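# Structural characterization, general
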Amino acid sequence: MHIGSQYTVGIHTLMLVEFFEDERITSEIAAASIGCNPVIVRNVFSKLSKAGLLRPGRGKAKTALGRPAYEITMYDVFTATERYETDEIFSMYPANQNCPIGSELHNILESRFESAVEAMLNDMKRTTIADLVSELPPDKRVFPDSLRNLYLNHRN
């Protein structure tokens, strides 16, 4: 399992929509907040929308979460944005059958690697977008003028 940047883009986007719920969050605004290309955000918006986690605003409508933030877990975002293959997170070199360690190490480590991945996924299932937003300092709840200006410039 290789976890790509779309996962963190998805988390950032959902947190942005929840934290600034009174603002109209577009893919351009989210991209400026994240520091990436709006095309990447649009792709993630699409995946989150298909998974029912995000309702992108059309026209003058605001982008909204697909369900309450306390019901959206990090695991939900993970399954919406990434493919799930556990054997990609830990890479091993080819087994050396001529070595007493090398010939057995893959078998010895396999269950431990699977346990580590399972622990990570279980933690993702327990952590919600609301949990993450609650960790943001309240004084940061002021929507940045640079993002507001970006939206105003795109509208005109």
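All of the points below concern the structure found in this document. (Residues numbered from 1 in each chain as written. Predicted model: local features only at pLDDT ≥ 70, side-chain atom pairs only at ≥ 80, totals over all residues. Heavy atoms only, no water.)

With that settled, the discussion passes to the nonpolar core. In this structure, Ile11, Leu14, Ile25, Leu48, Val77 and Ile129 are the most contacted members of the largest nonpolar core, which totals 34 residues. Those elements that place two or more of their residues in this core are helix H1 (5-19), helix H2 (27-34), helix H3 (38-50), helix H4 (74-81), helix H5 (105-126) and helix H6 (129-134). Broken down by element, the residue count for this core peaks at 8 residues, all from H1. Setting aside anything within four residues of it in sequence, one finds isoleucine 11 in contact with Met74, Val77, Ile129 and Leu132. (Core = buried A, V, L, I, M, F, W, Y, C linked by side-chain atoms within 4.5 Å. Buried < 20%, exposed > 50% of the residue type's maximum accessible area, 1.4 Å probe, protein only. Helix = DSSP H or I, 4+ residues; strand = E, 2+ residues; numbered from the N terminus. Contact = heavy atoms within 4.5 Å.)

We now examine the side chain of serine 103. Assignment of secondary structure puts serine 103 in the loop between H4 and H5. There is a polar contact of 2.8 Å between the side chain of serine 103 and the backbone oxygen of cysteine 99. Beyond its immediate sequence surroundings of up to four residues, serine 103 is in contact with Asn96 and Gln97. (Polar contact = N/O pair within 3.5 Å; in protein donor to acceptor, adjacent residues only side chain to side chain.)

Note on placement: serine 27 falls in helix H2. Side-chain polar atoms of serine 27 contact the side chain of arginine 42, separated by 3.2 Å.

This next bit is on the packing of aromatic side chains. Under the definition given, this model contains 4 aromatic pairs. An angle of 80° between the planes, with centres 5.0 Å apart, marks the rings of phenylalanine 20 and phenylalanine 143 as edge-to-face. You can see phenylalanine 20 sitting in the loop between H1 and H2 and its partner phenylalanine 143 sitting in the loop between H6 and helix H7 (145-155), a full 123 residues away along the chain. You'll find phenylalanine 20 and phenylalanine 143 in the same group, each marked buried. When the centroid spacing of 6.3 Å and the interplanar angle of 40° are considered together, the rings of tyrosine 75 and phenylalanine 78 count as tilted. One end of the pair, tyrosine 75, and the other, phenylalanine 78, are both in helix H4, 3 residues apart, so they sit about a helical turn from each other. (Phe/Tyr/Trp six-rings, centres within 6.5 Å; stacked < 30°, edge-to-face > 60°.)

To continue, consider the environment of phenylalanine 45. Within the element layout of this structure, phenylalanine 45 appears in helix H3. Since its relative accessible area comes to 8%, phenylalanine 45 is described here as buried. Taking the C-alpha atoms as reference, phenylalanine 45 lies 9.6 Å from threonine 26; in sequence the two are 19 residues apart.

It is at 10 Å that the axes of H1 and H3 come closest, and there the two elements cross at 75°. Relative to H3, H1 is oriented roughly perpendicular. Side by side, H1 and H3 meet where Gln6, Val9, Gly10, Thr13 and Leu14 of the first sit next to Ile40, Val41, Asn43, Val44, Phe45, Lys47 and Leu48 of the second. Grouping the constituent residues of the contact of H1 with H3 by class yields 7 nonpolar, 4 polar and 1 charged. (Axes fitted to C-alpha atoms, helices over the stretch in contact; angles between N-to-C directions. Parallel < 35°, antiparallel > 145°, perpendicular 65-115°, else oblique. Nonpolar A, V, L, I, M, F, W, Y, C, P; charged D, E, K, R; others polar.)

Our focus in this paragraph is the pattern of salt bridges. The full count for this structure, using the stated rule, is 3 salt bridges. Arginine 67 is paired through a salt bridge with aspartate 76; the nearest N and O atoms lie 2.7 Å apart. Classification of arginine 67 by relative accessible area gives partly exposed; the value is 27%. Since its relative accessible area comes to 19%, aspartate 76 is described here as buried. The residue arginine 126 makes a salt bridge to aspartate 123 at a minimum N-O spacing of 3.4 Å. Residue arginine 126 and its partner aspartate 123 are both found in helix H5; the two are separated by 3 residues, about one turn of the helix. (Salt bridge = Lys/Arg side-chain N within 4 Å of Asp/Glu carboxyl O.)

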